[in-house]
Amino acid sequence: MSLSAVTPQSRDAGTRAAIDRFNEAFNRHDADALAAVLTDDTVFEDTSPAPDGRRVEGKAAVVEYWRTWFTRNADAKFETEEMIVTGDRAIVLWVYRKMRNGQPWHLRGVDIFKVRDGKVAAKLAYVKG
């Protein structure tokens, strides 16, 4: 698509599609599929440790982080409550659910995504509480 053919609506749709692919791979706990939707220089900022979280840089490091996380959180799922897309940015309000000590448990938060060339270039995570 030429630059002159890129409209705000098509850019928003492309960003939304990239985030949807990311979330689908994530909820399948498929690190290889996740790698396919990340830029080589992708950045992930985790919610912990407090107060600022941990920053992971580069596709290989981010994929390894998620591969390990999926192993430790085999039943975890993220449900999108709302997605707000504008251009190459998206804000995703979510609920993270899993079992903890045999009981259903959840946490609410927000991710701020940046998409470049149809892939996730940044995912910055924030939580309530």
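Structure: above.
This structure is a prediction, so every number in the text was calculated from the model and none was measured.

Draft legend 1. Here's a closer look at the packing of aromatic side chains. Taken as a whole and judged by the stated rule, the model has 17 aromatic pairs. Summarising the aromatic geometry, the rings of phenylalanine 22 and phenylalanine 26 are spaced 6.0 Å apart at their centres and angled 20 degrees between planes, so their arrangement reads as stacked. Residue phenylalanine 22 and its partner phenylalanine 26 are located together in helix 1 (residues 8-27), separated by four residues, close to a single helical turn. Residue class for phenylalanine 22 comes out buried when judged on its relative accessible area of 2%. A centroid spacing of 6.2 Å and a plane angle of 40 degrees characterise the contact between tryptophan 69 and phenylalanine 78, whose relative ring orientation is tilted. Feature note: the residues Phe22, Phe26, Phe44, Tyr65, Trp66, Trp69, Phe70, Phe78, Trp94, Tyr96, Trp105 and Phe113 constitute an aromatic cluster, connected by ring pairs.

Draft legend 2. Local environment of the pairing of strand 4 (residues 89-100). Judged from the nine bridges that link them, strand 3 (residues 77-86) and strand 4 form a sheet pairing that is antiparallel. By the bridge assignment, threonine 86 is partnered in strand 4 with arginine 89. Turn length for the strand 3-strand 4 hairpin, with the two strands adjacent in sequence and antiparallel, is two residues, and the turn residue glycine 87 shows positive phi of about 65 degrees. Pairing between strand 4 and strand 5 (residues 103-116): twelve bridges, direction antiparallel. Paired with methionine 99 across the strands is proline 104, a residue of strand 5. Where strand 4 hands over to strand 5, the hairpin turn is made up of two residues, of which asparagine 101 adopts a positive phi near 55 degrees.

What counts, and where the lines are drawn
Counting from 1, residues in each chain are numbered in the order their sequence is written. With the structure being a predicted model, the display of local features is reserved for residues of pLDDT at least 70 and the display and counting of side-chain atom pairs for 80 or more, all residues being used for whole-chain, interface and lining totals. To get the side-chain values, take all heavy atoms of the structure and skip hydrogens and water. Each pair of aromatic rings taken from Phe, Tyr and Trp, with Trp reduced to its six-membered ring, is defined by centres within 6.5 Å and is described as stacked if the planes are under 30 degrees apart, edge-to-face if over 60, and tilted in the remaining cases. Numbering of helices and strands runs from the N terminus, with a helix taken as a DSSP run of H or I at least four residues long and a strand as a DSSP run of E at least two residues long. Type-normalised accessible area, obtained with a 1.4 Å probe on protein chains alone, sets the label of each residue: buried when under 20%, exposed when over 50%, and partly exposed for intermediate values. A pair of strands is treated as paired once DSSP finds two or more bridges between them.

Shape is all these values report; function is a separate question.
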